[in-house]
Amino acid sequence: MQQDSSVVSLADRLRTEVGRLRPGERLPSSRALVERHRVSPVTVTRALGVLATEGLVVTRPGSGTFAAERPVPAPEPADLSWQAVALGDRAVDASGVSWLLTPPPDGTIALSGGYLHPSLQPLRALSAAGGRAVRRPDAWDSPPVSGLDGLRAWFARSIGGDVTPADVLITSGGQQALTSTLRALLPPGAPLLVESPTYLGVLAIARAGGLHPVPVPADADGVRPDLLAEAFAMTGARAFYCQPTYNNPSGALLSPERRAQVLAVARAAGAFVIEDDFARHLAIDPPPTPMINQDADGRVIHVASLTKATGPSLRVAAVVARGPVAARIRAIQVVEGFFPARPLQETLLELVSSPGWPRHLRDVRTALKSRRDALGAALARDLPQVRANRPAGGPHLWARLPDGVSDRLLAEAALRAGVLVSPGSMFFPAEPPAPYLRLSYGTAASEAELAEGVRRLSHCFRGLGPLA
């Protein structure tokens, strides 16, 4: 129903009057408005009703009509567009790492992730170790810049060979260790040779630092030394990043012959080898000794981490380096972060020094073997068209999909069906040679959950159509 023109006209005039009043101030009476504007009482009543509907006035029976409280206008969004000019064209892509760190939705079976399921983590031992650590009188003091002496000595013993505590720098987790190491070795714009596939976190670090990851193909026995030599010759690179013991994502173990060949190739190129030994304590079969034990001239920079075998928030790792590069890595850590938190260092030292630590590692080894075999059996039963490896350690299976199947579409469909997997293309520095999935058997709650996850995945696979 349209308002009478006299009502609209009066409402406009009253709207102006109300705008001059303070909130809570009384309007003239209806009789006064009738006389002032020479309109009927009905017109006044209707005009005030319009203003009340708009929230401009409040009518209180027996008291009159009052100017309403004025809502505080929402502030205009800040104009941040200037930052695009100031920041330039360099971007940091954390999407792949964020995918791995984001908890799955409730009810989703996690066949993706780099950390053990809480049932496999030494939570009681960690709590006890943390409690003992923080009760020490100096727990909150600054630690030595290179790390606690006892923790450096423990890492040196566990790595073996001729590594000494003086060679060890304690860092705030493996990711920070890799960041400091790459910054120490390479200037922005430099090439970095990496296995292909490789850990997507190092690709993110390299690109964020302006480096150019160059893929070197690997097979079931690890990186191919012949192609590594070609890559050094073509690029002039001065560093090669690898995970020779249970590569993430493929689980490949670099063979003893190739370890010697990789070191020989790096020596001929005058280059460093960054050995990321993240999964040594997730071994199923006895692992080979670290590559640094075969290195006599300070060529290998060894990164050792215990986070995967303990808990995701125990962000403590170690970098082993010798010569001038060790001083540079240490200097970068001091400049960027001073030192890792002492309570975490004390907690880790308490944990690995306790009688329960070897028992925990044995329990993890037994559980991972059982879960690896259960996941492999479920794939053979429900997805025989997928070829999966059988790694000797680490938390992941590397599953080759049939040609033509999109790993990303399959991963998206699987998530909708309640199972989280990692598309293999995320782990390649360039175009992948074939479609893969990384399936993690250390992240699920049980072997039954692994089997259910594969069952759900098989339904998604059949939904892809004839190519599947």
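Residues numbered from 1 in each chain as written. Predicted model: local features only at pLDDT ≥ 70, side-chain atom pairs only at ≥ 80, totals over all residues. Heavy atoms only, no water.

Caption draft 1: Expanded view of the nonpolar core. Counting residues in hydrophobic clusters, the biggest one holds 82 residues, and the most contacted among them are Phe-155, Phe-232, Phe-240, Val-273, Leu-348 and Leu-439. Per-element accounting of this core gives the leading share, eight residues, to helix 14 (residues 356-382). Once residues within four sequence positions are removed from consideration, Phe-240 is found in contact with Leu-193, Val-194, Glu-195, Val-223, Leu-228, Phe-232, Val-262, Phe-272, Val-273 and Ile-274. (Core = buried A, V, L, I, M, F, W, Y, C linked by side-chain atoms within 4.5 Å. Buried < 20%, exposed > 50% of the residue type's maximum accessible area, 1.4 Å probe, protein only. Helix = DSSP H or I, 4+ residues; strand = E, 2+ residues; numbered from the N terminus. Contact = heavy atoms within 4.5 Å.)

Caption draft 2: Representation of the packing of aromatic side chains. Applying the stated criterion to the full structure yields six aromatic pairs. Summarising the aromatic geometry, the rings of Trp-398 and Tyr-436 are spaced 4.6 Å apart at their centres and angled 10° between planes, so their arrangement reads as stacked. Placement of the pair is Trp-398 in strand 13 (residues 396-400) and Tyr-436 in strand 16 (residues 436-440), with a sequence separation of 38 residues. Exposure class is identical for Trp-398 and Tyr-436. Each is buried. Taken together, a centroid distance of 6.1 Å and an interplanar angle of 35° make the contact between Phe-428 and Tyr-436 tilted. For Phe-428, a relative accessible area of 7% gives the class buried. Among the residues examined, Tyr-436 registers a relative accessible area of 17% and is labelled buried. Each member of the aromatic cluster is reached from another via a ring pair, and the members are Trp-398, Phe-427, Phe-428 and Tyr-436. (Phe/Tyr/Trp six-rings, centres within 6.5 Å; stacked < 30°, edge-to-face > 60°.)

Caption draft 3: Geometry of the sheet that holds strand 5 (residues 191-196). Strand order in this open sheet of eight strands is 4-11-10-9-8-5-6-7, and the pairing throughout is mixed. Each of the sheet's edge strands pairs with one partner strand only, and the pair in question is strand 4 (168-171) and strand 7 (222-223). Across five bridges, strand 9 (residues 272-277) lies against strand 10 (residues 300-305) in parallel orientation. Within strand 10, the residue paired with Asp-277 across the bridge is Ala-304. Along the sheet, helix 11 (residues 256-269) makes contact with strand 6 (212-219), strand 7, strand 8 (239-242), strand 9 and strand 10, crossing strand 9 at roughly 145°. (Pairing = 2+ DSSP bridges. Axes fitted to C-alpha atoms, helices over the stretch in contact; angles between N-to-C directions.)

Caption draft 4: Summary view of helix 1 (residues 5-19). Helix length check: helix 1, at 15 residues, gives a terminal C-alpha distance of 21 Å against a target of 21 Å (1.5 Å per residue), a fit within 8%. The inward-facing, buried residues of helix 1 abut helix 2 (30-37), helix 3 (41-53), strand 1 (57-60) and strand 2 (64-67). (Expected span 1.5 Å × (residues − 1).)

Caption draft 5: Representation of the sheet that holds strand 13 within the structure. Strand order in the open sheet formed by four strands is 12-13-16-15, with antiparallel pairing between adjacent strands. Across the chains shown, the open sheet's two edge strands, defined by having one partner strand only, are strand 12 (387-388) and strand 15 (422-423). Its contacts with the sheet place helix 14 against strand 12, strand 13 and strand 16, and it is angled at close to 20° to strand 13.

Caption draft 6: Looking closely at the side chain of Arg-342. Position of Arg-342 among the secondary structure elements: in helix 13 (residues 342-352). Setting aside its immediate chain neighbours within four residues, Arg-342 contacts Asp-138, Ala-139, Asp-141, Ser-142, Pro-143 and Leu-148.

Caption draft 7: Spotlight on the packing of helix 2 against helix 3. Viewed as axis vectors pointing N to C, helix 2 and helix 3 meet at an angle of 110°, and their least axial separation amounts to 9 Å. Considering the angle they form, helix 2 stands roughly perpendicular to helix 3. Seen along the crossing, helix 2 lies across helix 3 with a hand that is right-handed. Contacts from Ser-30, Leu-33 and Val-34 of helix 2 reach helix 3 at Pro-41, Val-44 and Leu-48. Split by residue class, the contact of helix 2 with helix 3 holds five nonpolar, one polar and no charged. (Parallel < 35°, antiparallel > 145°, perpendicular 65-115°, else oblique. Left-handed = near helix turned anticlockwise from the far one by under 90°. Nonpolar A, V, L, I, M, F, W, Y, C, P; charged D, E, K, R; others polar.)

Caption draft 8: How the structure looks around the packing of helix 8 (residues 174-185) against helix 12 (residues 324-337). Packing of helix 8 against helix 12 brings their axes to within 9 Å, and their N-to-C directions diverge by 120°. What the angle tells us is that helix 8 and helix 12 run oblique. Where helix 8 crosses over helix 12, the handedness of that crossing is right-handed. Across from Gln-176, Ser-180, Thr-181, Arg-183, Ala-184 and Leu-185 in helix 8, the residues of helix 12 making contact are Val-325, Arg-328, Ile-329, Ile-332, Gln-333 and Glu-336. Partitioned by chemical class, the residues of the contact of helix 8 with helix 12 number five nonpolar, four polar and three charged.

Caption draft 9: Highlighting the confidence of the model for the protein. Averaged over every residue, the pLDDT of the protein is 89; residues scoring 70 or more account for 98%. Within the protein, the lowest mean pLDDT, 70, falls on helix 5 (residues 95-101), and the highest, 97, falls on strand 8. (pLDDT = per-residue confidence, 0-100.)

Caption draft 10: Spotlight on the pairing of strand 6. Judged from the six bridges that link them, strand 5 and strand 6 form a sheet pairing that is parallel. The partner of Val-194 across the bridge, within strand 6, is Pro-215. Regarding topology, helix 9 (residues 200-208) serves as the crossover connection from strand 5 to the parallel strand 6, and that connection is right-handed. Alignment of strand 6 against strand 7, held across two bridges, turns out to be antiparallel. Each residue of the ladder has a partner; that of Ala-218, found in strand 7, is Val-223. Between the antiparallel neighbours strand 6 and strand 7 lie two residues. (Right-handed = clockwise from strand over helix to strand, strands pointing away.)

Caption draft 11: Region of the structure containing the pattern of salt bridges. What the rule picks out here adds up to 23 salt bridges. With its nearest N and O atoms 2.8 Å apart, the salt bridge here joins Arg-224 to Asp-226. On the accessibility criterion, Arg-224 (32% relative accessible area) is partly exposed. (Salt bridge = Lys/Arg side-chain N within 4 Å of Asp/Glu carboxyl O.)

Caption draft 12: Representation of the environment of Thr-171 in the model. Here Thr-171 lies in strand 4. Between the alpha carbons of Thr-171 and Pro-340 there is a distance of 5.8 Å; along the sequence they are 169 residues apart. If we skip the residues at most four places from it in the chain, Thr-171 touches Gln-176, Ala-177, Arg-315, Val-316, Ala-317, Ala-318, Val-319, Gln-333 and Pro-340.

Caption draft 13: Representation of the pairing of strand 2 in the model. Where strand 1 and strand 2 come together, four bridges link them in antiparallel fashion. When the bridges of strand 2 are listed, Val-57 appears paired with Ala-67.

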